[in-house]
Amino acid sequence: MASKLFMGDIPELMEKILNNLNNEINSLYSCALVSRYWCIIAIPILWQDPFSFDENNSIIPKYISSLSEDTLKECGLNEKISKPLFDYAKFLKVLDLDCLERMVKQCNFIVHFEYSEQDGWKKYPSTKLIVNSLIKLLIESGATLHKLVVSFHGSIMMMPEQIFSLLGRNESFFSRLQHLSLGEISSVKIESAIAFLRALKKHTTKISALEFNGYEINFTEAEYDKYDQLQLTLRYFIKSQKQLRLFSIVIEDKPTFIKYYGIISALESQKNSLQEIIVENCDYNEEFEVLKNCKILETLRLRTYCDYKIPLKMLDYNKITKAT
């Protein structure tokens with residue numbers, strides 16, 4: 001029986017065994033080297049979350065090698081790039097867009113734009129073009145994401161209209177998304193964040209973990225309308241989900257940010273599913289009253305900068321196992 005197993009005569013069992021090694025990167029690499037058959041099983045597992053273990057930016061050249069010749073030329077990559085052995089993009093389940101952009105910037109064979117007062121823009125290709133081309137590749141590959149990490153700050157990565165239109169034609173990309181982590185949203189990228197959340201709401205209602213990690217505080221008076229619109233969009237997004245279990249909103253080192261403009265009260269729509277809530281840098285207000293309606297809440301973590309204690313007596317301590 002053992003010899004048949006190692007020869008690959010029981011593919012279903014082999015696949016289950018290797019799937020149990022999804023967090024054992026070195027073991028999966030070793031398995032991929034055993035035989036062609038083992039390699040075919042191990043590689044898709046390895047490439048479900050390549051950003052978690054790649055320290056040398058080696059995944060970027062493999063993704064780039066899957067781009068069409070026309071796209072390579074458009075990005076300024078005119079050198080010969082051999083085609084990959086696997087369609088790595090379609091295996092992706094965890095996407096960190098910040099990490100993707102950072103890796104593109106750090107690739108040795110990619111030359112980036114630099115600005116000179118005398119020569120203007122020089123050196124090619126554009127990192128923005130490459131990043132957006134790789135996002136397009138991932139969307140069109142047939143991949144189905146389970147987790148997405150994205151932020152909207154002063155970086156060059158944007159979500160242009162053509163990317164949103166691609167999502168409309170490839171609905172499976174976000175159809176099984178369960179974990180969404182939103183990073184910093186700066187004042188100059190509020191509109192991009194709003195457009196992204198609206199597009200995402202059309203494609204997924206199954207998010208169980210939503211992490212929201214903040215804004216820039218330095219808004220001008222003219223930008224507050226956009227800021228209010230962002231808050232409203234986030235409230236609608238929360239209400240659109242069917243079974244949110246974890247909600248976290250954390251703004252590090254910014255105690256001046258104290259209002260959530262209805263975001264906490266929007267959790268009322270998730271009172272039957274929420275098990276853990278994390279809120280940091282806040283002042284207590286009437287919005288928090290909705291938390292007492294959460295029927296299966298187990299963990300509540302609050303950090304406040306106000307001078308008085310949050311009245312946690314409103315909550316049922318018999319249901320909550322950890323509150324700080």
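Residues numbered from 1 in each chain as written. Predicted model: local features only at pLDDT ≥ 70, side-chain atom pairs only at ≥ 80, totals over all residues. Heavy atoms only, no water.

**Structural notes on the pattern of salt bridges**
Under the counting rule described, the total for this entry stands at five salt bridges. The shortest N-O distance in the salt bridge between Glu 268 and Lys 271 comes to 3.4 Å. Between Glu 276 and Arg 301 there is a salt bridge; the shortest N-O distance is 3.8 Å. Of this pair, Glu 276 sits in strand β8 (residues 276-282) while Arg 301 sits in strand β9 (residues 299-304); the two residues are 25 residues apart in sequence, bridging distant segments of the chain. Here Arg 301 falls in the partly exposed class, since its relative accessible area comes to 32%. (Salt bridge = Lys/Arg side-chain N within 4 Å of Asp/Glu carboxyl O. Helix = DSSP H or I, 4+ residues; strand = E, 2+ residues; numbered from the N terminus. Buried < 20%, exposed > 50% of the residue type's maximum accessible area, 1.4 Å probe, protein only.)

**Focus: the environment of Leu 148**
In this fold, Leu 148 is placed in strand β4 (residues 147-152). Considered as a pair, Leu 148 and Val 94 are 54 residues apart in the sequence and their alpha carbons are 6.0 Å apart. Here Leu 148 is in contact with Leu 95, Leu 97, Phe 174, Leu 177, His 179, Leu 180, Ser 181 and Phe 196, once residues within four sequence places are set aside. (Contact = heavy atoms within 4.5 Å.)

**Remarks on helix α3 (residues 25-32)**
All buried positions along α3 are accounted for by Leu 28, Cys 31 and Ala 32. In an axial view of α3, the angular spread of the buried residues amounts to 100°, which keeps them on one side of the axis. (Arc of directions from axis to C-beta.)

**A short note on the pairing of strand β5 (residues 179-185)**
Looking along a regular strand, one sees side chains alternate from face to face of the sheet. In terms of burial, β5 is largely enclosed, as six of its seven residues are buried. Note that β5 and strand β6 (residues 209-212) share four bridges and pair parallel. Within β6, the position partnered with His 179 by the bridge is Ala 209. With helix α11 (residues 190-201) bridging β5 and its parallel neighbour β6, the resulting β-α-β unit is right-handed. (Pairing = 2+ DSSP bridges. Right-handed = clockwise from strand over helix to strand, strands pointing away.)

**Structural notes on the packing of helix α7 (residues 97-106) against helix α8 (residues 127-140)**
Look at α7 against α8: their axes get within 10 Å of each other, and the N-to-C directions meet at 135°. Judged by the angle between their axes, α7 and α8 are oblique. Classified by chirality, the crossing of α8 by α7 is right-handed. Residue-level inspection shows Leu 97, Leu 100, Glu 101, Val 104 and Lys 105 of α7 in contact with α8, the latter providing Thr 127, Ile 130, Val 131, Leu 134 and Ile 135. (Axes fitted to C-alpha atoms, helices over the stretch in contact; angles between N-to-C directions. Parallel < 35°, antiparallel > 145°, perpendicular 65-115°, else oblique. Left-handed = near helix turned anticlockwise from the far one by under 90°.)

**Overview of the environment of Phe 196**
Inspection of the secondary structure puts Phe 196 in helix α11. On the accessibility criterion, Phe 196 (1% relative accessible area) is buried.

**Some points on the layout of surface pockets**
If you add up the space inside the largest pocket, you get close to 320 Å³. In this structure, the largest pocket is lined by 16 residues; those nearest its centre are Thr 71, Glu 74, Asn 132, Ser 133 and Lys 136. Residue assignment for the lining of the largest pocket shows that the elements contributing at least two residues are α6 (69-74), α8 and α9 (161-169). Sorting elements by how many residues they give to the lining of the largest pocket places α8 first, with seven residues. Class assignment for the residues of the lining of the largest pocket results in six nonpolar, six polar and four charged. In terms of domain composition, the lining of the largest pocket takes at least three residues from each of domain 2 (52-141) and domain 3 (144-323). (1 Å grid on protein atoms, 1.4 Å probe; cavity = no way out; pocket = protein on both sides within 12 Å on 5 of 7 lines; lining within 4 Å. Points joined across faces, edges and corners; volume = space filled by probe spheres on them. Nonpolar A, V, L, I, M, F, W, Y, C, P; charged D, E, K, R; others polar. Domains from an automatic or database assignment.)

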